[in-house]
Amino acid sequence: MTYFERVLRTPLLRPGLICLAVSSACGSNEHSSRGSGAGAGGIASGAGGIASVAGGVASVAGGGGGLSGGTGGTATGTTAGTAAVNAGAGGAGAAATSGGPGIGGVSGTEETYPVPTALPDETGADLWLRYPKVPVPGRLAQYQAAFTHVVSSGGGPSTQAATEELVQGLSGLTGTSVMLAAAVQGAGAVVVGTPTTSTLIAGLPLASELAALGSDGYLVRATELQGQSVIAVAANTEVGVLYGSFALLRHLATHSAITGLSLSGSPKIKNRLLNHWDNRDGTVERGYAGSSLWNWSQLPGTLSPRYKAYARANASIGINGAVLTNVNADAQFLTATYIAKAKALADVFRPYGIKVYLSARFSAPVEIGNLTTADPADATVQKWWADKANEIYTAIPDFGGFLVKANSEGQPGPQTYNRTHADGANLLAKAVASHGGIVIWRAFVYSTAAESDRIKQAYEEFQPLDGKFAANVLVQVKNGPLDFQPREPFHPLFGAMPKTPISLELQITKEYLGEDTHLAYTGPLYEEVLKADTQVNGPGSTVARVIDGTLQKHALTAISGVSNIGSDTNWSGSHFNQANWYVFGRMGWDPDLSAQAVAEEWVRQTFSNDPIVVAPVVGMMMGSRQTLVNYMEPLGLAHMMGTDHHYGPAPWVSTLAQAEWNPVYYHKADAQGLGFDRTATGSNAVSQYASAVGDAFAKRATVSDDSLLFFHHVGWTEKLDTGKTLWEELVRRYSQGVDDVGHVRETWATVKGRIDAKRFGEVGDFLQIQHYEARWWRDACLSYFATFSKLAIPAGYAAPANPLSYYQGLNCPADVKKPRCPQVYTGTPSPAVLP
Ligand code: GCV
């Protein structure tokens, strides 16, 4: 039985049985004073391969414990008893990655959800901020009694944004008109403010708790004021009040209990940025969701309503910065004309706590400043950047700073002048320092020089510069050393530059993970890297602790996600791609949140709180990344995508000008076997890690199967841990990946009628594309590798549908912005594992 079959058979899916343990707003830095219930379960992060994914997702079905996401789960008010019961039985998933201390607990209600009678079509434009009326009477009555008016007696634009959101959200959820008021007017008040903006908040005994929260933190508290029961949303700053308002709305939108309500939270990472790779001509590099959201030709005069909607969505998940422009930078963005356009966006975003940043083209002093050099040591260049910073800050006083890609993939940089990355970064850092700005300097370097191993370059260039960067510089490091692959080991620079603040760069847009159509929830990928233990200061030196600054004592901290947002009505190219934006924000706020917990709160807000929807859809999401790894690049394979567009399989490409542009460089298939030897007998990339980690990667006995071929060249008939030979295991994983997409389709079919027809149909259509394309990946890659292994497809597995030449001759996609390959949408993709 596959895990999807187990999901389908779960008793949880019977109408009326709810009580999914969930984590909404219960992260370790987002607390809730609730009754305790221990959740031992959890869905596998995917790190463990097929077996652990299956085990983990089985726990969703296994009595409810699996969805609790870890120990320390807490239950709210009236559902506390249920939580304790349900959160205990993790089943098979308990062995897999769980959510960690403090994650878990209960939202939802024990009431039976009615089968919806009329579900209006939805476009996805409202994202997770839909606020539909609560469809279960008991919970609805509680909410209607508790939320009748929003009380705000002062404050500026951020408080206004908070109250607007509360009025809209509470009105929607309760199905009543929740009004804004200046004073408590009987029962059901939500009182918002800071001790400075609200005398009501100032009068509550919250001072010591607020003092511990910092500038962005919040408290949401059931309390009494003027003899009335009220909910207070309090913070030290108005943006904190906004975050608290969103936390309250998230709690309610996941139908959580409110008796004794007490929520609090504060971000662990200071700068939580989206990086837009948006160009002046409206295109988006690696964007699959239409054109750029920024309508440069209409700015600054015309402001699309989507700018505010974008800001709301980001604030709701804690994102507080937007780099507006592509790291493959355009100097024109630094001209007065474009600064005025950026200012217009900054003005819209400011109430939502979002600062704008720009990518800086290093050669801008030459290109737009009429200088003859961009050498950081040149005094005229230094003055040019200082003047440019003054100009920007005059227009945008809270401008965040610059993001720079230098001396990589053809971008200009300090090395052109025989200067280092630190020299270049410090030039810009000095220009913005007096304004409170920062410089984020990317470590994704990709030179044109021949290299023994392309993945070693960033460490080689940056690690020796540790201690040489100015105090307001962060070095931004991609999660892995190669390039946003479906799976890579964590980047060796994490932990290796103790004197330098390091920002983590994740990719939200799925350049290498099926682009717009394939369902691949990136939460497990993010969780995998955040939990990866660099061991630089011994066990527990996780990437999360590096980037939140606690391991190496940095106050300046940041995390970036390469945006998947565009002009498409659904924002992200597909409904499920919205979840990747969502989870980036939530994990940026709290890198210790579990992917599973976040998936559940997203499903509840985006699709439905009905457990008949929540459990299977969370299961689909949690297994999706491993499924994609299996049908694209199992066992540590990497970078086998088609040239330039990175869509579809092309492991045979070998003729591109630079060796490391070619897939054959990465998989190194030959008559003996498959994989890149990065041990001491090969490129020795393992030596860039702390010895405990590098040694583990280097030994066949300790490297995980998921990273095997990333670090080792393995013989075709060598036995793996699974007891199968490499060839057999490869065929098994590729085949399982295809069939699991089929199971996802079956699972999705079970929520028909519980989700509006439009989104249900659109998701189904994309899953069908994914299914065919998974089979394409499998058949193309296995056909190709068979030319080296000289082995037949083992019994029990389907033969490739076409000869290798067919796949090599395919010419798709026609449109790289909405990539498709209709030629392969024929026949039946499954079964690949024969019954
Ligand atoms: C912005 C990969 C992508 C490029 C991207 C680059 C980077 O190589 O394919 O489109 O360029 O990463 O992160 O700088």
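Structural data are supplied above this passage.
This report concerns the structure included in the present document.

**Topic: the pattern of salt bridges**
Oppositely charged side chains can pair when the atoms bearing their charge come close.
Then, in step 1: Inspection of the entire model under this criterion finds 43 salt bridges.
Then, in step 2: Arg625 is the salt-bridge partner of Glu528, the closest N and O atoms lying 2.8 Å from each other. On the criterion of sequence distance, the pair formed by Glu528 in helix H15 (residues 523–531) and Arg625 in helix H19 (residues 611–632) is long-range, its members being 97 residues apart. For the pair shown, Glu528 and Arg625 are each scored as buried.
Then, in step 3: Salt bridges sharing partners connect three or more residues here, namely Arg487, Glu528, Arg625, Asp705, Asp706, Glu729, Arg732 and Arg733.

**Some details on unusual backbone geometry**
Then, in step 1: Going from Leu299 to Pro300, the amide bond is cis rather than trans, its omega being 0°.
Then, in step 2: When you line up the elements, Pro300 lands in the loop between strand S10 (271–275) and helix H9 (305–316).
Then, in step 3: In this structure, Pro813 follows Cys812 across a cis peptide bond, with omega equal to 10°.
Then, in step 4: Among the secondary structure elements, Pro813 is positioned in the segment after helix H25 (804–809).
Then, in step 5: At Asn418, a residue that is not glycine, the phi angle is positive and equals roughly 60°.
Then, in step 6: For Asp644, which is not glycine, the phi torsion reads 70° and is therefore positive.
Then, in step 7: Here Asp644 is to be found in the loop between H19 and helix H20 (663–667).
Then, in step 8: Residue classification places Asp644 among the exposed positions, given a relative accessible area of 59%.

**Looking at the pairing of strand S12 (residues 355–359)**
Then, in step 1: Of all 5 residues that make up S12, 4 are buried, and the element is covered over most of its length.
Then, in step 2: Where strand S11 (residues 321–323) and S12 come together, 3 bridges link them in parallel fashion. If you follow Gly321 over to S12, its bridge partner there is Lys355.

**Here's the deal with the side chain of Asn570**
Then, in step 1: Looking at the element boundaries, Asn570 is found in the loop between strand S17 (558–562) and helix H17 (577–589).
Then, in step 2: Here the side chain of Asn570 touches Gly573 through a polar contact of 2.9 Å, landing on its backbone nitrogen.
Then, in step 3: With residues up to four places along the chain from it excluded, the contact list for Asn570 reads Thr123, Gly124, Ala125, His575 and Gln578.

**Some words on the sheet that holds strand S16 (residues 502–507)**
Then, in step 1: What the 8 strands build is a closed barrel, ordered S10-S11-S12-S13-S14-S15-S16-S17; its pairing is parallel. On average, each strand axis in the sheet is inclined to that of its neighbour by 25°, with strand direction left out of account.
Then, in step 2: Relative to S11, S10 runs parallel, the two being bridged by 3 bridges. Paired with Leu274 across the strands is Ala322, a residue of S11.
Then, in step 3: Where H17 meets the sheet, its contacts fall on S10, S16 and S17, and the angle it forms with S10 comes to roughly 160°.

**Focus on the packing of aromatic side chains**
Then, in step 1: Tallying each qualifying case throughout the model produces 42 aromatic pairs.
Then, in step 2: Where Tyr665 meets Phe676, the ring centres are 5.8 Å apart and the plane angle is 75°; that geometry is what we call edge-to-face. Here the residue Tyr665 occupies a position in helix H20, and Phe676 occupies one in the loop between strand S18 (673–674) and helix H21 (691–698), the gap between them amounting to 11 residues.
Then, in step 3: The rings of Trp128, Trp294, Tyr307, Tyr310, Phe349, Trp571, Trp581 and Tyr582 are connected pair by pair, giving a single aromatic cluster.
Then, in step 4: Above the plane of the ring of Trp571 lies Arg306, whose end atom (NZ or CZ) is 3.8 Å from the centre.
Then, in step 5: One cation-aromatic arrangement involves Lys668 over Tyr665; the distance from NZ or CZ to the ring centre is 4.5 Å.

Calculation notes
Residues numbered from 1 in each chain as written. Predicted model: local features only at pLDDT ≥ 70, side-chain atom pairs only at ≥ 80, totals over all residues. Heavy atoms only, no water. Salt bridge = Lys/Arg side-chain N within 4 Å of Asp/Glu carboxyl O. Helix = DSSP H or I, 4+ residues; strand = E, 2+ residues; numbered from the N terminus. Buried < 20%, exposed > 50% of the residue type's maximum accessible area, 1.4 Å probe, protein only. Pairing = 2+ DSSP bridges. Polar contact = N/O pair within 3.5 Å; in protein donor to acceptor, adjacent residues only side chain to side chain. Contact = heavy atoms within 4.5 Å. Axes fitted to C-alpha atoms, helices over the stretch in contact; angles between N-to-C directions. Phe/Tyr/Trp six-rings, centres within 6.5 Å; stacked < 30°, edge-to-face > 60°. Lys NZ or Arg CZ within 6 Å of the ring centre and 35° of its normal.

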